[in-house]
Structure formats: C-alpha cells, structure tokens
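Summary of the model geometry
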Amino acid sequence: MAKITMREAISQALMEEMDLDPAVFILGEEVGVWGGSYAVTKGFYDKYGPERVKDTPIAENAILGAAIGAAMVGQRPVAEIMTINFAFSAMDYIVNQAAKLHYMFGGQFTIPMVIRTVGGGGRQLGATHSQTPDAVFAHFPGLKVVSPGTPADAKGLLKSAIRSNDPILFIEHATMYQVRGEVPEGEYTIPIGKSKIQREGKDLTIVTYCKGLELSMKAADQLAKEGVEAEIVDLRTLRPLDMEPVFESFKKTNRAIVVEEGWKSYGVGSEIVSRIYEEAFDYVDAPILRVAQKEVPLPYNRTLEQAALPQVPDIIAAAKEVLK
Amino acid sequence: MKKEQLLDLYRQMVLIRRVEERGMELYQAGKIGGFMHLYIGQEAVSTGLIAAREDRDRVITAYRDHGVALNCGISADEVMAELLGKATGMSKGKGGSMHMADTSKNMWGGHAIVGGHLPIAAGLAVGDQYAKNDNITICMFGDGATNIGYFHEALNLSKTWGLRVLWVCENNQYGMGTAVERASAVTEIRQKADGYGMKSRRIEGMDVMTVYEAAKEALDFVRKEAQPYFLEIDTYRYEGHSMGDPERYRKSDEVKKWREEDPIGIFNKYLIEKKTATRKALEEIEAAVEDEVAKAIEFAETSPEPTLEDLYANIYAD
Ligand SMILES: Cc1ncc(C[n+]2csc(CCOP(=O)(O)OP(=O)(O)O)c2C)c(N)n1
Ligand SMILES: [Mg+2]
C-alpha cells in the first residue's frame, strides 16, 4: 500500500477513469490551464487536451446544465464547482434538474454525472466561502451525496461515482487535501452508500464523516489514553444513508455522539440521532449528543472562526458527557 | 480639476499601492489570512471613478476592494485593521480583505460571490428610485463576472426599470487564469450592454484622468436621463489573482508590458509635465503616505481582537 495525499487520491481516480472510459470528461472553472484551484487536475490539460478538460466561464448554472445535458445523451461529465458555496448559485440545476429528471420522465434517460466540489471552513475565507451545507444537499431524493474522509475512500468512491448512472454530489474538504493515508495499489472501487467502521471500540460510538472523521480519530486517540475505547463509524455517503454499521455499533456501546462540521440545527446529526431513536430506542443508555458548528455564519477573524468550528476538545467533552 | 484635487488623486493612488505592498508582507508573515486580492495596477480605475461621484452616490464592488475602500474615504487604519481581523476594522474583523464596507461613506461593500452584487446594485438603485431622489449607484465588477447570469438579469432590470446605475466593468483581461477570449463570447465586453439597449463606452484605464473624465460624462448621463450606462475600462492586475497564484496562464513579458504603463507613473509624469507639482512635492506626498501606512499598521497591530461575544453579534437585527 502506498501512502498518498487526498489530493493525489482524487487526482488518480479522475485520471484512471478518464483513461478507462472516453465518455468521461471534466468541466469547470480553472480546471484546465490553472490546474484546478485546489490543484487536483494539475497536468490534466496537457495530458487530455481542451476537449476533455474544459475550462468554463464563471457560470455555475451553465456548467451544471451542460453537464446534465451531456449526461442525458450518454457522456459521463465530471463537473467541478469550485466550492460548495457557489453551488448555491446553481441550486436549481442540482435540485430541480439533476435530482428530478430521471424520475419525472419515467426513467427514460439517466444522468450519469458527478459534481465534484469543496466544502468546509477553517481557512479564514469569511461567511460566504466557508460553509459546510452538506445536509442541505442530502435532503433531496434523486441526488446522491458522497463525502469521504480518507484518501483511500476518496479514490474508491470517486471511481464508483463516475461509473454510477446517477447524479452524485462529491464533497471534498478544503483543509484535507494534504491529509495522507494508505491507498491500495491497483484498481479498486468502493461502493456508494456504505458506511464503514474506521476504528473499533466498545465504550461509545462516534458517528461522523469527512472532516469530522479526522477530528474524531484524534479525539479517540486521546480518549484511549484515558481508557475510553470509542468506535468510529464513518458515513462516507450521506444519501443513500447506510445506518446498519451505526445500529450494530450502537447496540454494542449503547452510547453515541455525532460529529459534523456543519451547523447543528437540521443537520446530519439530527438525522442520525432520530434514526437511532426510531430504530434502536431500547438500546439507548444516555441521550445522544451532537458536536457541530456554532450557529453563526463563519467570521474572518481566525480566533473566532476556530471558536465556531467543532474541535477535538468538544468531541472529547461530548464523549465524556454521554459516558457519565 | 483644481491642483489640490489632482494632488489628492495622486495621494490616493500611492496610498492604495503602499497599503497593498505592506499588506503582502503582512500576509507572508501570517498576520493576514484567507484570500487577499490585490488592486495593484488597477489604481487609476477606482480613483478616477470615485473622484467623479458626488458623496451621495453609492459604490459597490467585488472582493478586490481595498482600493475602492480607500478611495471612498475609509481610513488606512481601518483597512489594515480589517485585514488583520481586528475589532477596529470597518467590518469588525468579521469580513476580512474581501468584505470591506462603510455605508456612512456610501461604500456598500466588497462582495465575494462573483456577480452576486450586481442585482443588489440594481436594488440600491430601486431604493433610490422609490425614494424619488437622483442618487446614482456605481457598480464595479470584473470581466469574468459578465459571464454569469446575475450580470444579465441585473442589466436587463436596470434598463427596463430606468434605474440610475453606472455599470463599470474592470476588464483586467483575466478572470482568475482565464483570459477574456476563452470565457466570453465577445471580447469587447461593452457589446453586452447593446443587448439591453444600454448606452456604453470602452476606455483605457491606466490614466486616471481618462477614467475621471469618462466617469463624469457617464454620471451626468445617468443622473439626467434616469437610465443606466455601461463603462468598460481596460486595465491590468500586476499581481496574481489572489495570494499564492502560480500564474501559469500568462507570460512575464505581458506583465512587463503592462507594468511599463504603471498608472501611478503615468500620473506622476502628467503632474510634472503640466507643472501641477514639482517632483519634490510628489515625493513629499509619497513620504506622507509611507508614514500614514506605517501608523495604520501600528494601529491595526495594537488594536483588540473581537471577543467571543462578538461571534454572536449581528446575526440578526432584532
Ligand atoms: C459564483 C462564484 N463562482 C466562482 C467564484 C470563484 N472566483 C472568485 S474570483 C473569480 C474570478 C473573477 O474574475 P473577474 O470577474 O474578471 O474579476 P477579477 O478577479 O479579475 O478582478 C472566481 C472564478 C466565486 N467567488 N463566485
Ligand atoms: Mg478580471
């Protein structure tokens, strides 16, 4: 196994799928000559040329509309929306078009497209450029939402996403491109819609994904030093949501917290907690807690921004609270 | 224009340049974070434009906003404080480089969603139209912003409703790394206004006097006719799109060519040739600006950080 960065893993997945299938092409702002604003598609323009790596105008609606249309006639576009904050500019194409057309026309055509985008705060980009609105997008049936937390998952999931016949929103995290992890050699995919135990433990269950996984792993290391063994379930896909590993873990630990970077209200945690209460109420030994972003738009000032984002000590505190 | 006014324009341009040069150093020292888009090279545009407005005219722009902020009369102290994320910044450390506004100076913000502020500019003008005054909204945006739907919706509305907006496209030849001709169906962006039956003009933007005179004329038209007007101003940014731009998309001799037309250099020469000022007088202005910026940094560095309570301030008005 090789240890590579998240950036390399995503880049490899794109390249492998482009090499395998000529129907795959990339479009988005600064994906070509610039090499991707997070350098994920660096070198692609030289390798594949402007037909398969299309620099677009700043026009999120046109990017996604064009991707949907091309997908409807059999291509496999990977559209990049520079950050998830700009996906709001093209919300109609995500919600009213990509998520609906296959169903509304009785399945006559498919929309095999991936929207790659970048979410997350922590880079002092201010309120409009730092959001983690994953739950908003996970609200809509017809759209699949994937958000990996390790390089290996990112690579395998992105390959599956490109091969899938459904529209998939693939959310990466702005602060995780340098994160390193073991990635299997050679060809592999990871199925969409499967949660995974990333760390085993018996005392409590931490349900999380993406950036939350990185934070939760650190918290679990510290808890272990104090004799607490946390089990970490990584959702990896928010829709369709695979609760089986969560239930299994919870039936063993009877205590859980949910860690996400987005706002707590109406968030991923709200969904997970309700499902546990609905399906595994008999196993509940303590109220399930949510660790999430403070209910404020993110400020530019570094100290305040960090104070608003969920941090490792918040996770440890919540874990101790449910273990009381 | 009176001598004092001309010298003040020179002072403003030098001030923008120095604030940003020092800003770059502070960024590299890790005291400024996030995105920081420099205006260096484009100073003549906002300086000439804003000099032509009346105080009651509103200005709204994109994230490349330090110059506009200073031209509107926001102090270097406050600009520096905001860059450093301090409570004494005009946006109280919550906005940062991209989000400078001081509505008391009719500066309605730097906005960071590309094109997003254009319909809002139309809205400012709707507010003024509704109040039956003849204030003008000056809305600045980049060449790249003319390719997004917001631009077209806003232009159409402004013409249809007879809004007093001066649309100003700062054509600095690139939107991030994408040259105009790679992203826009027409390379003369002014032509987009034709589609909305709007009067327009394209001018060179490296000479502050050219900008000033064109802006005056445009503002007179907008005020009198109660119609929008579209001004395309050719210019160039000398630095990268934001800090840390690898600049793979342009050649260094292109940058060099534009640097030879430095707007500050051009105006310096103009003032001396017209005998408006001696070289020495201009150097004195430069020295005073140097001082002002040093004091601004001192002010910003010694200013307090916003508090944890401030995190929760201004989420709602009620
Ligand atoms: C809706 C939206 N899409 C993409 C971006 C990312 N972005 C920020 S600035 C920029 C380029 C804008 O170019 P232009 O309008 O020419 O202004 P300039 O930076 O040249 O002043 C892009 C693509 C954004 N902020 N908002
Ligand atoms: Mg531009």
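Residues numbered from 1 in each chain as written. Chains lettered and ligands numbered in written order. Predicted model: local features only at pLDDT ≥ 70, side-chain atom pairs only at ≥ 80, totals over all residues. Heavy atoms only, no water.

Some points on the packing of helix α1 (residues 3-28) of chain B against helix α11 (residues 263-273) of chain B
Residue and element names in this part refer to chain B. Heads up, the rule is: Where helices are involved, their axes are fitted lines through C-alpha atoms of the stretch in contact, as for all axes, and angles between N-to-C directions lie from 0 to 180°. Each helix is a run of H or I in the DSSP string that is no shorter than four residues. Each strand is a run of E no shorter than two, and both are numbered from the N terminus. The labels follow the angle: roughly parallel below 35 degrees, roughly antiparallel above 145, roughly perpendicular from 65 to 115, and oblique for the rest. In a left-handed crossing the near helix is turned counterclockwise from the far helix by less than a right angle, and in a right-handed crossing that turn is clockwise. Throughout, a residue-residue contact means that at least one pair of heavy atoms, one from each residue, lies within 4.5 Å. Lys, Arg, Asp and Glu make up the charged group, whereas Ala, Val, Leu, Ile, Met, Phe, Trp, Tyr, Cys and Pro make up the nonpolar group; the residues left over, Gly among them, are polar.
Viewed as axis vectors pointing N to C, α1 and α11 meet at an angle of 155°, and their least axial separation amounts to 10 Å. It follows from the interaxial angle that α1 and α11 lie roughly antiparallel. Remark: the crossing between α1 and α11 carries left-handed chirality. Contacts between α1 and α11 involve Leu-6, Leu-7, Leu-9, Tyr-10, Met-13, Val-14 and Arg-17 on the former and, on the latter, Pro-263, Ile-264, Phe-267, Asn-268 and Leu-271. For the contact of α1 with α11, the per-class residue count stands at ten nonpolar, one polar and one charged.

A word on the sheet that holds strand β4 (residues 76-81) of chain A
All names here are of chain A. For the record, the criterion: Two strands are said to pair when DSSP picks up at least two bridges between them.
With mixed pairing, the seven strands of this open sheet are ordered in space as β3-β2-β4-β5-β7-β6-β12. The outermost strands of the open sheet, each flanked by one partner alone, are β3 (53-55) and β12 (237-239). Strand-to-strand, the axes of this sheet are offset by a mean angle of 20°, without reference to chain direction. As paired strands, β4 and strand β5 (residues 114-119) are joined by four bridges and run parallel to one another. Across the sheet, the residue bridging to Val-78 is Val-114, located in β5.

Let's talk about the nonpolar core
To be explicit about the condition: Side-chain atoms within 4.5 Å link the members of a nonpolar core, which is a set of buried Ala, Val, Leu, Ile, Met, Phe, Trp, Tyr and Cys residues. When accessible area is computed with a 1.4 Å probe and restricted to protein chains, residues below 20% of their type maximum are described as buried, those above 50% as exposed, and intermediate ones as partly exposed.
Within the largest apolar cluster, 164 residues are counted, with the highest numbers of intra-cluster contacts made by Ile-272 of chain A together with Leu-166 of chain B. When residues in this core are grouped by element, the largest group, eleven residues, is from α1 of chain B. Setting aside residues up to four positions removed in sequence, Leu-166 of chain B forms contacts with Leu-49, Ile-136, Thr-137, Ile-138, Cys-139, Ala-218, Leu-219, Tyr-229 and Leu-231 of chain B.

Some details on α1 of chain B
Here is the rule: Expected helix span is computed as 1.5 Å times (number of residues minus one).
The first and last C-alpha atoms of α1 of chain B sit 38 Å apart over 26 residues, in line with the 38 Å expected at 1.5 Å per residue. Trailing α1 of chain B by a residue or two, Gly-30 of chain B shows a phi angle of about 80°, which is positive.

Examining the interface of chain B and chain A
For clarity, the threshold we go by: As used here, buried area is the combined drop in accessible area, with a 1.4 Å probe, of two parts when they are placed together. For this analysis, a salt bridge means a side-chain nitrogen from Lys or Arg found within 4 Å of a carboxyl oxygen belonging to Asp or Glu. Any pair of nitrogen or oxygen atoms within 3.5 Å is treated as a polar contact; in protein, a donor-acceptor pairing is required on top of that, and neighbouring residues in sequence qualify only through side-chain atoms on both sides.
Listed as interface residues are 40 residues of chain B and, on the opposing side, 30 residues of chain A. Between chain B and chain A the total buried area reaches about 2,800 Å² when both faces are included, carbon and sulfur atoms providing 64% of it. In this structure, the connection of chain B to chain A is made through one salt bridge. A salt bridge links Arg-182 of chain B to Asp-55 of chain A; the nearest nitrogen and oxygen atoms lie 2.7 Å apart. If you look at where chain B meets chain A, you find 13 residue pairs in polar contact (both at pLDDT 80 or more). Those elements giving two or more residues to the side of chain B that touches chain A turn out to be α4 (76-83) and α7 (180-183) of chain B. Considering only residue class, the side of chain B that touches chain A consists of 19 nonpolar, 14 polar and seven charged.

Notes on the packing of aromatic side chains
Selection criterion: To pair, rings of Phe, Tyr and Trp, with the six-membered ring standing in for Trp, must have centres within 6.5 Å; the planes then decide the type, stacked if under 30 degrees apart, edge-to-face if over 60, and tilted in the middle. Sitting over a ring, as applied to charges here, requires NZ of Lys or CZ of Arg to be within 6 Å of the ring centre and within 35 degrees of the ring normal.
Enumeration according to the criterion identifies 15 aromatic pairs over all chains in this entry. Geometrically, the ring pair formed by Tyr-174 of chain B and Tyr-249 of chain B is tilted, given 5.2 Å between the ring centres and 55° between the ring planes. In this pair, Tyr-174 of chain B is assigned in strand β5 (residues 174-175) and Tyr-249 of chain B in the loop between β8 (229-234) and α10 (252-259), connecting sequence segments 75 residues apart. An identical accessibility class is assigned to Tyr-174 of chain B and Tyr-249 of chain B; each is buried. Seen from the ring of Phe-25 of chain A, Lys-54 of chain A lies directly overhead, with NZ or CZ sitting 5.7 Å from the centre.

Topic: a nonpolar patch on the surface
Applicable threshold: Like charges are joined within 9 Å and nonpolar side chains (Val, Leu, Ile, Met, Phe, Trp, Tyr) within 5 Å, but only among residues with over 30% relative accessible area and no salt bridge; these make up the patches. Only the protein chains shown count as cover for residues, with accessible areas throughout obtained via the Shrake-Rupley method and a probe of 1.4 Å.
A contiguous nonpolar surface patch, about 410 Å² in accessible area, is contributed by Tyr-103, Met-104 and Phe-105 of chain A. Mapped onto the secondary structure, Met-104 of chain A falls in helix α6 (residues 101-104).

Describing the domain arrangement of chain A
Residues and elements named next belong to chain A. Definition in use: Where each domain starts and ends follows an automatic or database-derived domain assignment.
According to the domain assignment, chain A contains domain 1 (2-183) and domain 2 (196-322). Centre-to-centre, using C-alpha coordinates, domain 1 lies 26 Å away from domain 2. At the interface, 31 residues of domain 1 touch 28 residues of domain 2. Both faces combined, the contact of domain 1 with domain 2 buries some 2,200 Å², and carbon together with sulfur accounts for 54% of it.

Overview of the packing of α1 of chain B against helix α12 (residues 279-302) of chain B
All names here are of chain B. Contact geometry for α1 and α12: axes closest at 9 Å, N-to-C directions at 45°. Taken together, α1 and α12 sit at an angle that is classed as oblique. Seen from above, α1 lies across α12 with right-handed handedness. For the pair formed by α1 and α12, the contact residues are Leu-7, Tyr-10, Arg-11, Val-14, Leu-15, Arg-18, Val-19, Arg-22 and Leu-26 on the first element and Leu-282, Ile-285, Glu-286, Val-289, Glu-290, Glu-292, Val-293, Ile-297 and Glu-301 on the second.

Thoughts on the site of ligand 1
Heads up, the rule is: By convention in these notes, a residue is near a molecule or strand provided one of its non-hydrogen atoms lies within 4 Å of it.
Close to ligand 1 lie 22 residues; Glu-60 of chain A together with Tyr-63, Arg-64, Ala-112 and Gly-144 of chain B are nearest. At the site occupied by ligand 1, nearby residues are drawn from chains A and B. Separating an oxygen atom of ligand 1 from a side-chain N or O atom of Asn-172 of chain B is a distance of 2.9 Å. Taking His-241 of chain B, its side chain carries an N or O atom lying 3.5 Å from an oxygen atom of ligand 1. For ligand 1, the protein covers 95% of the area, taking 590 Å² as the surface of the free molecule. In terms of residue class, the shell around ligand 1 is built from eleven nonpolar, seven polar and four charged.

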